[in-house]
Amino acid sequence: MKNINEETRTVVISTLDDRARERMRRIEKHLELAGFRNVEIFQARTPQGEDFQGRGLPPVLKGRWKSDLQHMWGTAACALSHLDLMKLDPSELPIIVFEDDAIISPHFFSYLADIDFPDEVEWDICHLSYFNENLGSAKYPEGVVNKNLLRCAPNEITCMHSYILNQPVFDRVTPLHEEIDCQLAHQTDLIRSFVIEHGPPLTSPDFELQSVRMELDEIYWAKNNPNHN
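These notes cover the structure that comes with them. Quick caveat: nothing in here was measured; it's all calculated off a predicted structure.

Bringing the sheet that holds strand 7 (residues 149-151) into the picture now. The strand order 2-1-3-8-5-9-7-6 describes an open sheet built from 8 strands, whose pairing is mixed. The open sheet has two edge strands with one neighbour each: strand 2 (39-43) and strand 6 (144-146). Within the sheet, the average angular offset between the axes of one strand and its neighbour, ignoring direction, is 30 degrees.

Written out as structure tokens, the structure reads:
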């Protein structure tokens, strides 16, 4: 892929606490084996750090965040972390973004070298893999734009564990009315989202580990709903 290589700025979003220790150990090994040379660890937002208990959720979170999502504080903090990156200046992009529970192929860059956007196609986000089969060429053949590369099917969730951010999208994606991956799926008319289809995949979530947002969701949902069975 043009302008994406081992020296491209790569950001790993992590809470950097005890809960993240095993995730960080694994992803650091993946990054080393794949040959990444410009990696930084990005301190994720956390419910405690943002003081959701005292101040509530920030104004950028609206809609369902005021109803059925109001206690999903891990997911809220995760969304804010991604939004921090989505407001970067164009001069700071592109960047590769991983959540700390991502698995990365040791052949990541050799696979990526064979995938590219046609010159006439402008893009904002390219997800590096998917596990929702409705995003694939078999179910969405009209989305194919090049070998191993598809436009994201409308209303189909891609997950946020790994993507390339090519242009800032903060002003178009906010305010958030639902989880960030759901909102991106519902805004393919505003945000030019694509996904890589490659066998074997460039990345995948590590399903052996609970993601930090899910872990925090469980902790704070139970804390805020002590009488729920």
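Between its first and last C-alpha atoms helix 8 (residues 212-224) spans 18 Å; for 13 residues at 1.5 Å apiece the expected length is 18 Å, and the two agree. For helix 8, the set of buried residues is Val212, Arg213, Leu216, Asp217 and Tyr220. Viewed end-on, helix 8 has its buried residues packed into an arc of 125 degrees, placing them on one side of the element. The inward-facing, buried residues of helix 8 contact helix 1 (21-34), helix 2 (47-50), helix 4 (73-86), strand 3 (95-99) and helix 7 (180-185).

A water-sized probe, rolled over the atoms, reveals where empty space remains. If you walk through the whole model with that rule in mind, you get 2 cavities of 30 Å³ or more. Around the largest cavity sit Ile13, Thr15, Ala44, Arg45, Gly74, Ala77, Cys78, Ser81, Glu99, Val212 and Leu216, which together line it. Of all the secondary-structure elements, those providing two or more residues to the lining of the largest cavity are helix 4 and helix 8. In terms of residue count, helix 4 provides more of the lining of the largest cavity than any other element does, 4 residues in total. Together, His127, Cys152, Ala153, Glu156, Thr158, Asp181, Leu184, Ala185, Thr188 and Ser193 line the second largest cavity. At 3 residues, helix 7 tops the list of elements feeding residues into the lining of the second largest cavity. Grouping the amino acids of the lining of the second largest cavity by side-chain chemistry returns 4 nonpolar, 4 polar and 2 charged.

Applying the stated rule across the entire model yields 0 disulfides. Note on cysteine 152: no disulfide assigned, nearest cysteine sulfur contributed by cysteine 126 at a separation of 7.9 Å. Here cysteine 182 stays free of any disulfide, with the sulfur of cysteine 159 as its closest cysteine sulfur at 10 Å.

Right, let's get into the side chain of asparagine 166. Assignment of secondary structure puts asparagine 166 in the loop between strand 8 (162-165) and helix 6 (170-173). Judged by relative accessible area, asparagine 166 falls into the buried class, the value being 19%. In this structure the side chain of asparagine 166 is engaged in a polar contact, spanning 3.1 Å, whose partner is the backbone oxygen of tryptophan 123. Discounting chain neighbours no more than four positions away, the residues touching asparagine 166 are Leu93, Pro94, Trp123 and Asp124.

So, about the layout of surface pockets. Each pocket or cavity is described by its volume, and for the largest pocket that value is around 300 Å³. Taken together, 17 residues form the lining of the largest pocket, with Cys159, Pro205, Phe207, Ser211 and Met214 sitting closest to its centre. Per-class residue counts for the lining of the largest pocket are 7 nonpolar, 5 polar and 5 charged. Estimates place the volume of the second largest pocket at around 230 Å³. In terms of lining, the second largest pocket is formed by 15 residues, of which the most central are Lys2, Asn3, Phe117, Trp123 and Asn166. Here the lining of the second largest pocket is built from residues that sort into 7 nonpolar, 3 polar and 5 charged.

Scoring rules and cut-offs
Residues numbered from 1 in each chain as written. Predicted model: local features only at pLDDT ≥ 70, side-chain atom pairs only at ≥ 80, totals over all residues. Heavy atoms only, no water. Pairing = 2+ DSSP bridges. Helix = DSSP H or I, 4+ residues; strand = E, 2+ residues; numbered from the N terminus. Axes fitted to C-alpha atoms, helices over the stretch in contact; angles between N-to-C directions. Expected span 1.5 Å × (residues − 1). Buried < 20%, exposed > 50% of the residue type's maximum accessible area, 1.4 Å probe, protein only. Arc of directions from axis to C-beta. Contact = heavy atoms within 4.5 Å. 1 Å grid on protein atoms, 1.4 Å probe; cavity = no way out; pocket = protein on both sides within 12 Å on 5 of 7 lines; lining within 4 Å. Points joined across faces, edges and corners; volume = space filled by probe spheres on them. Nonpolar A, V, L, I, M, F, W, Y, C, P; charged D, E, K, R; others polar. Disulfide = S-S within 2.5 Å. Polar contact = N/O pair within 3.5 Å; in protein donor to acceptor, adjacent residues only side chain to side chain.

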